[in-house]
Amino acid sequence: MKFVLPKLGFGLMRLPRLEDGTIDVEQTKVMVDHFLDAGLKYFDTAYVYEGSEEATKKALVERYPRESYYLTSKLNAGDWAAKDAESAKKELEISLERTGAGYFDFYLLHALSKNNIDNYDKYGIWDFVKEAKAKGLVKHYGFSFHDQPEVLDEILTNHPDVEFVQLQINYADWDNPAVNSRKCYEVCVKHGKQVVVMEPIKGGTLANPPKQIRDIFEEADPNASVASWAVRFAASLENVMVVLSGMSNIAQMDDNISYMKDFKPFNEDEKAVIEKAQEVLRSIEQIPCTGCHYCTGGCPMQIRIPDIFTAMNQKLIFDNMEGASRRYANVTKDGGLASSCIHCLQCEDACPQHIEITSWLEKAAEVFE
Ligand code: SF4
Ligand code: SF4
């Protein structure tokens, strides 16, 4: 079955927040309205996105006919999210209750990698989602994936019924060995699976790339936003069914809508521009952190790892020591210095990008402390 959907999806992981840290539901409603008004339909939440499913209920489900949009959620059987088979399976019931959606159009096993695949097998989650589909609670199921292409190939060989795969694809990670977007995409093509793209802007990093890259894009098209190059790169891949953008405000959404409403794939000149940007990016060292926060929940020292890495990348990519130091001081003002790491390695086990977190923290301590 080939899914033909509007190509832009609304990732509900980074919704706008109020000062008290809760999701700004009123602002989310405005964003949902803009998105649907543009003829777009795909919304992506997850059991582990704090507050997101409840906000989705208020901003979307209670305000629009159920058949007017597609809603996706995810079941996470990783150790940090589910302690046993029962609690993992219970996530579907809880997600349905939180969203009030009645069913999910697309349902994913969340963030598969060789570190957690055993849990999905031993908890019987593959059969569980098939049963959920037979009951109509889930229309289609797939999985999101954070590992190397060989692992993906093995999973798709063992589970040929999977209907789609969600992958991290962006022009910066296309040939990045830690992510291997291109090879993973090719594995999906080989198995005849369509792809949902996550992190097309690499957690926001590619909306603010190094000056050399910004210059390349602005010279090629002064009217296109820098982020548009990243989103259109992913959407131009033939086997991609939807590209998720984790929009946090109306400005980002309106920019995305402006070029994705009537999406046109890259032409040959635009492909050459991206190749030039990739070449420049390869020459700059940086930490490939997407800000997913999977590493922080279990850190015994409450180290704000992705925030420290943002500061470190500001230094590495932009050589902005003043701004980076200010950011580091702000992130660590209540404790959690990079040097307080006790090397328990919980974070490295949880990191889908396989970043050597402890060694980068040592470097951050050297630079900032
Ligand atoms: S290795 Fe360090 S940063 Fe990672 S979880 Fe342990 S204490 Fe926290
Ligand atoms: S270090 Fe890894 S787990 Fe932590 S936020 Fe970055 S990418 Fe995610």
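Below: a short report on this structure. (Residues numbered from 1 in each chain as written. Chains lettered and ligands numbered in written order. Predicted model: local features only at pLDDT ≥ 70, side-chain atom pairs only at ≥ 80, totals over all residues. Heavy atoms only, no water.)

Details of the sheet that holds strand β7 (residues 194-198)
Ordered by their spatial adjacency, eight strands build a closed barrel running β1-β2-β3-β4-β5-β6-β7-β8, and the pairing between neighbours is parallel. Neighbour to neighbour, the strand axes of the sheet diverge by 30° on average, direction disregarded. Here strand β5 (residues 138-145) pairs with strand β6 (residues 164-168) via four bridges, running parallel. Residue pairing in the sheet places S144 in a bridge with Q166 of β6. Helix-sheet contacts for helix α5 (residues 125-134) involve β3 (70-75), β4 (104-112) and β5, and the interaxial angle to β5 is about 150°. Packed on one face of the sheet, helix α9 (residues 226-235) meets β7 and β8 (240-245) and runs near 155° to β8. (Pairing = 2+ DSSP bridges. Helix = DSSP H or I, 4+ residues; strand = E, 2+ residues; numbered from the N terminus. Axes fitted to C-alpha atoms, helices over the stretch in contact; angles between N-to-C directions. Contact = heavy atoms within 4.5 Å.)

Observations regarding the packing of aromatic side chains
Across all of its chains, the model carries 20 aromatic pairs by this definition. Between the aromatic rings of W80 and Y294, the centroid separation amounts to 5.4 Å while the plane-to-plane angle is 40°, which identifies the pairing as tilted. Here W80, found in the loop between β3 and α3 (85-99), pairs with Y294, found in the loop between α11 (268-282) and α12 (305-318); they are 214 residues apart in sequence, far enough to count as distant. The buried category is assigned to Y294, whose relative accessible area is 12%. Geometrically, the ring pair formed by F143 and F145 is edge-to-face, given 6.4 Å between the ring centres and 70° between the ring planes. Residue F143 shares its accessibility class with F145, and that shared class is buried. Here the aromatic residues Y171, W174, Y185, F217, W229, F233 and F266 are joined through ring pairs into a cluster of three or more. Against the face of Y103 rests R66, its NZ or CZ located 3.9 Å from the ring centre. Over the ring of W360 we find K363, and its NZ or CZ is 4.2 Å from the ring centre. (Phe/Tyr/Trp six-rings, centres within 6.5 Å; stacked < 30°, edge-to-face > 60°. Buried < 20%, exposed > 50% of the residue type's maximum accessible area, 1.4 Å probe, protein only. Lys NZ or Arg CZ within 6 Å of the ring centre and 35° of its normal.)

What about the pairing of β4?
Of all the nine residues making up β4, nine are buried; the element is thus mostly covered by neighbouring parts of the structure. Strand direction decides the pairing type here: β3 and β4, joined by four bridges, are parallel. Residue S73 lies in a different strand from β4, and its bridge partner there is Y107. Traced from β3 through α3 to β4, the parallel crossover comes out right-handed. (Right-handed = clockwise from strand over helix to strand, strands pointing away.)

Things to note about the site of ligand 2
Inspection of the region around ligand 2 gives 14 residues, with C289, C292, H293, C295 and C351 positioned closest. Taken together, the residues of the shell around ligand 2 break down into ten nonpolar, four polar and no charged. (Near = heavy atom within 4 Å. Nonpolar A, V, L, I, M, F, W, Y, C, P; charged D, E, K, R; others polar.)

Things to note about the site of ligand 1
Near ligand 1 you find 14 residues, and of these C299, C341, C344, L345 and C347 are the closest. Only α14 (346-350) and α15 (357-368) provide two or more residues apiece to the shell around ligand 1. Residue composition of the shell around ligand 1, by class: eleven nonpolar, three polar and no charged.

What to know about the environment of S258
Along the chain, S258 falls in helix α10 (residues 250-260). A relative accessible area of 54% places S258 in the exposed class. Counting along the chain gives 16 residues from S258 to I274, while the straight-line C-alpha distance between them is 20 Å. Among the polar contacts made by the side chain of S258, one reaches the main-chain carbonyl oxygen of D255 at a distance of 2.5 Å. (Polar contact = N/O pair within 3.5 Å; in protein donor to acceptor, adjacent residues only side chain to side chain.)

Focus: helix α6 (residues 149-158)
Buried within α6 we find P149, V151, L152, I155 and L156. Viewed end-on, α6 has its buried residues packed into an arc of 155°, placing them on one side of the element. The exposed set on the far side of α6, more than 90 degrees from its buried face, consists of E150, E154 and T157. Those residues of α6 hidden inside the fold are in contact with β4, α4 (117-122), α5, β5, β6 and α7 (181-190). (Arc of directions from axis to C-beta.)

Here we look at the pattern of salt bridges
One side chain can pair with another of opposite charge once the charged atoms of both are near each other. Considering all chains together, one arrives at 21 salt bridges under this definition. Between R214 and E218 there is a salt bridge, with its nearest N and O atoms 3.6 Å apart. Of this pair, R214 and E218 both sit in helix α8 (residues 211-220), four residues apart, which is roughly one turn of the helix. Residues joined in a network through salt bridges with shared partners are E53, E54 and R98. (Salt bridge = Lys/Arg side-chain N within 4 Å of Asp/Glu carboxyl O.)

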